[in-house]
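# Overview (structure and organization)
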Amino acid sequence: MPTLRRDGRVTALQRLGCAGLAGALSLSVTAPLELLTVLAQVGTWHCRRGLRGAGLSLCRTEGVRALWKGNLTACLRLCPYSALQLASSRRLVTLFMDELGHISHWRAIMAGSLAGMVATVVTYPTDVIKTRLIVQNRLEPSYEGILHAFYKIYHQEGLRALYRGVSPAILGAIPFSAGSFFVYISLDKIWKEPIVRFTPLQNFINGCVAAGVAQTLSFPFETVKRKMQAQSPWLPHYGGVDVHFTGMADCFRQTVKNKGVLGLWSGLTPSLLKIVPYFGVMFSTFEFCKRVCLYRNGYIESPLNYKLTPGVDQSLHPQELRELKLLRRENFEPRKSALEN
């Protein structure tokens, strides 16, 4: 998966704000594709006419706003998920390093995957709520919002319902890691040059390809997870799930029995279609927000470009640069005379 390179000229709080805004915007732009993916995985009636038909029927019955159902939950989940993933990843990367402080691609991807699993388990109830909000009818809702959904699921179905489907979510990290590793170990052979010489465009393409391969391999687990999240006796038509099951293994079995093996990959098309706009919006938004921060910190002349401010040491951290500017201002500021005092 692509990572955002750290820049010492931007503070940790500014980095977090840039990443949060970039993630929320990219989620919002691709929310209709995410919604179609979830509906296809669950197997609701909307998807009987294909993706285009599903989108049109949803707009006719519930309005255009229905294409963004569950998006607020996804955006609110982003910050705690990212913070947990980052903190866990740092710990695991340090643990997997050798005596010289180096780490292989395989170990780095394993560290990232384990960190993702930790973040997934902790924030999993929000993912369940997002799925429930997506599959419900917006005009006749079973849940009036995020907090109401959490309260109602907990009191009607118990705490375990908020973690329904967590097993396939964790197991899906294994093929996801394998797919990412397969792509990254082949990059230098594909581009016929060392990884350290890759351009930003190459890194963007690499990230999209790695995400596509990894997502395709882990998608059956994602499909089963969504079905388990959506199924509930308290929802109309059991949440709209196209098969009925008693657990993860039975969900796999019933899906293959009723929909065929390819039924485990229902919704893969919109899921893959959203990869390029998702990462494109995320990287471009992050870079623009970072330019705004660099401009406010005094490193560049304008947020519209990367033209460096003359006379500014780019190796200084923001706090050091502020202290240096304050010191210069105090040294060059004319002292008040005794008469003025």
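Residues numbered from 1 in each chain as written. Predicted model: local features only at pLDDT ≥ 70, side-chain atom pairs only at ≥ 80, totals over all residues. Heavy atoms only, no water.

### A word on the overall build of the protein
Along the protein, the regular secondary structure elements total 14 helices and zero strands. Put simply, the protein runs from its N terminus to its C terminus through helices and strands in the order α-α-α-α-α-α-α-α-α-α-α-α-α-α. When the backbone C-alpha atoms are referred to their principal axes, the protein occupies close to 90 × 55 × 35 Å. Looking at the protein residue by residue over its 341 residues, the buried ones come to 44%. Partitioning the contacts of the protein with sequence separation of at least 6, the portion at a separation of at least 24 is 67%. About 19300 Å² of surface is accessible on the protein, with carbon and sulfur atoms providing 63% of the total. The distance from the centre of the 40 positive side-chain charges to the centre of the 22 negative ones in the protein is 7 Å. (Helix = DSSP H or I, 4+ residues; strand = E, 2+ residues; numbered from the N terminus. Buried < 20%, exposed > 50% of the residue type's maximum accessible area, 1.4 Å probe, protein only. Contact = heavy atoms within 4.5 Å. Areas by Shrake-Rupley, 256 points an atom, 1.4 Å probe, with all protein chains shown as cover. Lys, Arg positive; Asp, Glu negative; His and termini not counted. Charge placed at Lys NZ, Arg CZ, Asp CG, Glu CD.)

### Observations concerning the side chain of Thr73
Here Thr73 shows up in helix α4 (residues 71-96). Not counting chain neighbours up to four residues away, the residues in contact with Thr73 comprise Thr126, Ile129, Lys130, Leu133 and Ile146.

### Let's talk about α4
Along an α-helix, residues three or four apart share an orientation, since each turn contains 3.6 residues. Here α4 is 26 residues long and its end C-alpha atoms lie 35 Å apart, about the 38 Å a rise of 1.5 Å per residue gives. Buried residues of α4: Asn71, Thr73, Ala74, Cys75, Arg77, Leu78, Tyr81, Ser88 and Leu92, and no others. Considering only its buried residues, α4 is in contact with α1 (12-29), α2 (31-42), α5 (105-135) and α6 (146-157). (Expected span 1.5 Å × (residues − 1).)

### Description of the nonpolar core
Membership of the largest hydrophobic core comes to 23 residues, with the highest contact counts inside it found for Leu27, Phe279 and Met282. Those elements that provide at least two residues to this core are α1, α4, α10 (200-230) and α13 (275-297). Of all the elements, α13 adds the most residues to this core, at nine residues. Core analysis: the next-biggest nonpolar cluster, separate from the first, contains 21 residues, Leu35, Ile134, Val135 and Val241 among them. (Core = buried A, V, L, I, M, F, W, Y, C linked by side-chain atoms within 4.5 Å.)

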